[in-house]
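# An overview of the molecular structure
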Amino acid sequence: MKPDLLGKTLLAMCGACALSACETPSDRIATREDHLAAAGFAFKPADTPSLQAMLNRLPQHQFLRRVHDGKTFYVYADETVCGCLYVGDEFAFYRYRQSRQQDAYQRTSQLGALNYQDNTWSWGPWMPGWNGWNPAWGNWDPGMMGPVGW
């Protein structure tokens, strides 16, 4: 492949990757709201001028905790994307947090989840003594345990 064609190809590939990774703030908010609904939060539209005025007074895109008649509720106001208020109890908030933690775990576990299989690759120059070393041990040397061991 010619160098100028290779450069153009790489540039096009980078551009496509960059565009696919773009996510607007509205997209992120909408995704969060999908998770809220899935966790059991109720959707309450601000469909009158008085409700819209009340919604506008709340901090936007943040969870607020509210205790009413001894029960704890969580509200999430969004005047920009849906013009609504999400209301959930403690269990809905717990499920939401669990789903977000699970999503974060899946994203981070995918970072190191590649299993490299290549019989022609030699690990020897990279890790001398590979055969007797377990990466989980770090610098631990079983010979330093002494005659008693564990």
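Now for a description of the structure that goes with this document. (Residues numbered from 1 in each chain as written. Predicted model: local features only at pLDDT ≥ 70, side-chain atom pairs only at ≥ 80, totals over all residues. Heavy atoms only, no water.)

## With respect to the overall build of the protein
Counting its regular elements, the protein contains four helices and four strands. Reading the secondary structure of the protein in the N-to-C direction produces α-α-β-α-β-β-β-α. In the protein, which comprises 150 residues, the share counted as buried stands at 15%. Accessible surface, the protein: about 11900 Å² in total, of which carbon and sulfur atoms supply 59%. (Helix = DSSP H or I, 4+ residues; strand = E, 2+ residues; numbered from the N terminus. Buried < 20%, exposed > 50% of the residue type's maximum accessible area, 1.4 Å probe, protein only. Areas by Shrake-Rupley, 256 points an atom, 1.4 Å probe, with all protein chains shown as cover.)

## Considerations on the nonpolar core
Residues I29, L36, A39, F41, Y74, Y76, C84, Y86, A92, F93 and Y96 constitute the largest nonpolar core, which totals 11 residues. Elements supplying a minimum of two residues to this core: α2 (25-39), β3 (71-78), β4 (84-89) and α4 (90-111). Once residues within four sequence positions are removed from consideration, A92 is found in contact with A39, G40 and F41. (Core = buried A, V, L, I, M, F, W, Y, C linked by side-chain atoms within 4.5 Å. Contact = heavy atoms within 4.5 Å.)

## A word on the environment of D69
Of note, D69 is situated in the loop between β2 (63-68) and β3. We classify D69 as exposed; its relative accessible area is 68%.

## Things to note about the pattern of salt bridges
Overall, the coordinates contain one salt bridge when judged by the stated rule. Here D103 makes a salt bridge to R100, at a shortest N to O gap of 3.2 Å. Of this pair, D103 and R100 are both found in helix α4, three residues apart, which corresponds to roughly one turn of the helix. Overall, D103 belongs to the buried group, its relative accessible area being 19%. (Salt bridge = Lys/Arg side-chain N within 4 Å of Asp/Glu carboxyl O.)

## Some thoughts on the packing of aromatic side chains
In this structure the tally under the stated criterion is eight aromatic pairs. With 5.7 Å between their ring centres and 70° between their planes, F43 and Y86 make a pair best called edge-to-face. Linking F43 in strand β1 (residues 42-45) with Y86 in strand β4, this pair joins segments that are 43 residues apart in sequence. Ring geometry for F63 and F93: centres 5.0 Å apart, planes at 70°, overall edge-to-face. With F63 in strand β2 and F93 in helix α4, this residue pair connects regions lying 30 residues apart in the sequence. Exposure remark for F63: the relative accessible area of 26% places this residue in the partly exposed category. Counting every residue linked through ring pairs, the aromatic cluster contains F41, F43, F63, Y74, Y76, Y86, F93 and Y96. (Phe/Tyr/Trp six-rings, centres within 6.5 Å; stacked < 30°, edge-to-face > 60°.)

## Notes on the sheet that holds β2
Strand order in this open sheet of four strands is β1-β4-β3-β2, and the pairing throughout is antiparallel. The open sheet has two edge strands with one neighbour each: β1 and β2. This sheet shows a mean twist of 30° between the axes of neighbouring strands, independent of strand direction. Bridge count between β3 and β4: six bridges; the pairing is antiparallel. In the sheet register, A77 faces β4, and the bridge partner there is L85. (Pairing = 2+ DSSP bridges. Axes fitted to C-alpha atoms, helices over the stretch in contact; angles between N-to-C directions.)

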